[in-house]
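Letter by letter, the chains look like this.
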Amino acid sequence: MTNSKHTNGGVSLPLNQILSGDCIEVMDALPENSVDLIFADPPYNLQLKGELHRPDNSKVDAVDDHWDQFDSFKVYDEFSRDWLRAARRILKPNGAIWVIGSYHNIFRVGACLQDAGYWIMNDVIWRKSNPMPNFRGMRLTNAHETMIWAAKDEKSKPTFNYEALKALNDGVQMRSDWVLPICNGHERLKDAEGNKAHPTQKPESLLHRVLIGSTNVGDVVLDPFFGTGTTGAVAKKLGRNFIGIEREEAYREVAARRIKDTRKFDKESLEVSTSKRAAPRVPFGQLVERGMLNPGEKLYALNGRHTAKVRADGTLIGNDCKGSIHQVGAALEGAPSCNGWTYWGFRKEGKTMPIDLLREQIRAEMSA
Ligand SMILES: C[S@@+](CC[C@H](N)C(=O)[O-])C[C@H]1O[C@@H](n2cnc3c(N)ncnc32)[C@H](O)[C@@H]1O
């Protein structure tokens, strides 16, 4: 990765750079259909009234910066519509966006996203394992933020590394509630006086999950509200390219230093579990056509409970049920559905082997 202009599929992009200026103007100057993913952490529009103090009277370091001030909801909505329009233009047809926010802004942003033509895929609750207490004791402790994951449009097929996320979650399907700590300790960047360099620095763990789940090595990830560059730092570690946009010089400097000190993980460790859904489709009938299984041959349920016979057209018959490997498996088990590929086995040299092995053999030939 370098800091020079790079071509990405023929278009010239300022890869691995932090661009200065207003994100709408900067995005408008980038080529259309050129970015794989956008991660956006826009101003929250917190509308804080007065200072906030802890019980010991110390001042809470809240987000009261000028970049978070909007005169009204109307002005905030206009701003949201403008940056979301600019972001959508530069997304590739199968691109996607993540927007993170709190109750102050996320519902407004969600409506703007849908109005702009994006297609919402999920909303994720980031539940903070160590939230700030509610010092005034007047409301519930605000212990989560919401992230919306949306495709460029209804027809887009954004990257989703299902298996990699499942692997991250100890083999259990990843859910839409993520419990992760807020950014503190060594990760929290400080200025020369030892104060927080930025009031809303996001934890790297959050970006790690987002980027593993929705990008591949070499993809281009743009963050229009770069702040301390959390997106850029994690993108660099994971071998993704980033483009950061930030209006404030002080934040750009912090982010640039941080990214310079960040090392990319080695190539081998960046390979992740791949989704079988992404692999080419192999119909069961092909195993029969190619003589890997013969009409009349018996298949055995891997749980030992049932058998069925292969028919010449790639269907099965077992206990008077006829149909696909999935249909016959489901009917014999009395289940609403069944993945025939992992349910059935064939006999070879006295051993029962999953028929999925034969499908893998065909796929290996296809990719050779
Ligand atoms: C919520 S913070 C992002 C924090 C970042 N995710 C991090 O982990 O450090 C929003 C950032 O957007 C910047 N910003 C606000 N409006 C902007 C605009 N119109 N163009 C570019 N940057 C903007 C602010 O200066 C602020 O640093």
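Given the structure is predicted, the values throughout are model-derived calculations rather than measurements.

The rules behind each value
Residues numbered from 1 in each chain as written. Predicted model: local features only at pLDDT ≥ 70, side-chain atom pairs only at ≥ 80, totals over all residues. Heavy atoms only, no water. Near = heavy atom within 4 Å. Polar contact = N/O pair within 3.5 Å; in protein donor to acceptor, adjacent residues only side chain to side chain. Areas by Shrake-Rupley, 256 points an atom, 1.4 Å probe, with all protein chains shown as cover. Nonpolar A, V, L, I, M, F, W, Y, C, P; charged D, E, K, R; others polar. Buried < 20%, exposed > 50% of the residue type's maximum accessible area, 1.4 Å probe, protein only. Helix = DSSP H or I, 4+ residues; strand = E, 2+ residues; numbered from the N terminus. Salt bridge = Lys/Arg side-chain N within 4 Å of Asp/Glu carboxyl O.

Colleague: I would appreciate a short explanation of the site of the ligand in the present structure.
Modeller: Neighbouring the ligand are 23 residues; Asp-22, Asp-41, Thr-228, Thr-230 and Glu-246 lie closest to it. Take Thr-228: an N or O atom from its side chain is 2.6 Å from an oxygen atom of the ligand. Here an oxygen atom of the ligand sits 2.6 Å away from a polar atom, N or O, in the side chain of Thr-230. Isolated, the ligand exposes 610 Å² of accessible area, and the fraction of that covered by the protein chains is 99%. Across the shell around the ligand, the residue classes break down as 10 nonpolar, 7 polar and 6 charged.

Colleague: Before we go on, may I ask you to explain helix H5 (residues 204–214) in this structure?
Modeller: For an α-helix, the turn length of 3.6 residues means that residues three or four places apart are oriented alike. Within H5, 9 of the 11 residues are buried, leaving the element largely enclosed by the surrounding structure. Among the residues making up H5, those that are buried are Glu-204, Leu-206, Leu-207, Arg-209, Val-210, Leu-211, Ile-212, Gly-213 and Ser-214.

Colleague: Would you mind going over the pattern of salt bridges with me for this structure?
Modeller: Pairing of side chains with opposite charge becomes possible as their charged atoms draw close. Under the criterion given, the structure shown has 13 salt bridges. The salt bridge involving Lys-92 is made with Asp-36; its shortest N-O contact spans 3.0 Å. In this pair, Lys-92 is assigned in strand E5 (residues 91–101) and Asp-36 in strand E4 (residues 35–40), connecting sequence segments 56 residues apart. On the accessibility criterion, Lys-92 (24% relative accessible area) is partly exposed. For Asp-36, a relative accessible area of 18% corresponds to the buried category.

Geometric descriptors of this kind do not, in isolation, establish any biological role.
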